[in-house]
Amino acid sequence: MNPVVNMNPAVSIRLGAHRIAYELRSYFRAPDSVFFTFLFPIVMLALFSVAFSSADDIQAGPGVSVDYATYYLPGLVATGFLLSGTQALGVDIAGERSDGTLKRLGGTPLPVVSYFVGKIGMVLVTSIVQTALLLVVAGVVFGVDLPTDGGAWARFAGIMLLGVATASVLGIAISALPREGRRATATVVPIVLVLQFISGVYLPFTQLPDWLQTVASVFPLRWMASGMRSVFLPDAFASAEPGGAWHLGLGALVLAAWLVVGTIACLLTFRWNRRDS
């Protein structure tokens, strides 16, 4: 049990800020994390762009079309948040619990909130860098026209912050599922992969069966992806969304609900020791 019961919140936040630097160093020293979470969206954008380079543009109406790089960019931006938050934290924390790292931290004066701040701060920083690199590659290498409207970028920032926060708390919560660290990848990655395919990242969302659209709409990635499409795609593409609109308000409510649920789940399920300890 952590020996510090009461600690000034400012001190906890300050300790958490120091943890961010440590978490970033650990993150970039793990080649599998860097490739499968940090570089994955960039690799997928390159694959789709090259594979469909000779295909006709995707039409959204008379005179409104985009190439495949532009079309896939929003979904991959949103996927980056899920990978950096839910997948990376889910696997990482489960591993730390299994190898005894969390048990050792639990015996130090480090508060749980400082540990959380370090993890979530790491996700925020890596998500910002990852997204910036993805946009640079999209614009410079594949000629994607990025938004020039300040309102679009403000919407982008809001969706990103809410999406990263939601993905992070869900990652901390889902880390409680694997009984052993070596099973974490097999537990977490399939969940994240399925969500990518049913949330409109790789396939047009309205081409999915109605029941599958309903299932996907319960989860946050579907709304992060559609929110990012509202930023990077022409307004005419809203007609390809369910109901013919982006539904940004509803998406924000769903993400906020998951943020609350994820936070509660973290508080109820997080522990320094393994379940069988």
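Small disclaimer: the values here were computed from a predicted structure and weren't measured. (Residues numbered from 1 in each chain as written. Predicted model: local features only at pLDDT ≥ 70, side-chain atom pairs only at ≥ 80, totals over all residues. Heavy atoms only, no water.)

**Student:** Please clarify how the environment of Leu135 should be interpreted in this entry.
**Tutor:** Structurally, Leu135 is set in helix H5 (residues 112-141). Note on Leu135: relative accessible area 10%, which makes it buried. Apart from the residues within four sequence positions on either side, Leu135 is in contact with Leu73, Val77, Leu146, Trp153 and Phe232. (Helix = DSSP H or I, 4+ residues; strand = E, 2+ residues; numbered from the N terminus. Buried < 20%, exposed > 50% of the residue type's maximum accessible area, 1.4 Å probe, protein only. Contact = heavy atoms within 4.5 Å.)

**Student:** In this structure, what is going on with a nonpolar patch on the surface? I would like to understand it.
**Tutor:** A cluster of nonpolar side chains, contributed by Phe35, Phe36, Leu39, Val43 and Leu47, occupies part of the molecular surface with about 430 Å² of accessible area. As for its placement among the helices and strands, Leu39 is situated in helix H2 (residues 31-51). (Patch = residues over 30% accessible without salt bridge, like charges linked within 9 Å, V, L, I, M, F, W, Y side chains within 5 Å. Areas by Shrake-Rupley, 256 points an atom, 1.4 Å probe, with all protein chains shown as cover. Salt bridge = Lys/Arg side-chain N within 4 Å of Asp/Glu carboxyl O.)

**Student:** Would you mind going over the pattern of salt bridges with me for this structure?
**Tutor:** Side chains that carry opposite charge are capable of pairing whenever their charged atoms lie near each other. Evaluation of the coordinates by the stated rule reveals eight salt bridges. Between Arg222 and Glu241 there is a salt bridge whose closest N-O contact spans 3.9 Å. Highlighted residues: Arg222 in helix H9 (residues 220-232) and Glu241 in the loop between H9 and helix H10 (248-269), separated in sequence by 19 residues. No difference in accessibility class separates Arg222 from Glu241, as the two residues are buried. Taking the shortest distance from any N to any O, the salt bridge between Glu241 and Arg229 comes out at 2.7 Å. Taken as a pair, Glu241 in the loop between H9 and H10 and Arg229 in helix H9 lie far apart in primary sequence, twelve residues in all.

**Student:** I'm lost on the nonpolar core in this one. Help?
**Tutor:** Soluble globular proteins tend to pack their nonpolar side chains together in the buried interior. One finds Leu73, Val77, Tyr115 and Met228 to be the most contacted residues of the largest nonpolar core, which totals 69 residues. Residue contributions to this core peak at 13 residues, all from helix H3 (residues 68-98). The contacts of Val77, once residues within four sequence positions are left out, are Thr131, Leu134, Leu135, Phe156, Met228 and Phe232. (Core = buried A, V, L, I, M, F, W, Y, C linked by side-chain atoms within 4.5 Å.)

**Student:** Just to check I follow, could you spell out the packing of helix H6 (residues 150-174) against H9 for this structure?
**Tutor:** A pair of packed helices is captured by two measures, namely the crossing angle of their axes and the spacing between those axes. Running from amino to carboxyl end, H6 crosses H9 at an angle of 165°, the nearest separation of the two axes being 9 Å. In terms of axis orientation, H6 runs roughly antiparallel to H9. Our pair here, H6 against H9, has a crossing hand that is left-handed. Contact with H6, carried on its side by Ala152, Trp153, Arg155, Phe156, Ile159, Met160, Gly163, Thr166 and Leu170, involves Pro220, Met224, Gly227, Met228, Ser230, Val231 and Phe232 of H9 and no other residues of that element. (Axes fitted to C-alpha atoms, helices over the stretch in contact; angles between N-to-C directions. Parallel < 35°, antiparallel > 145°, perpendicular 65-115°, else oblique. Left-handed = near helix turned anticlockwise from the far one by under 90°.)

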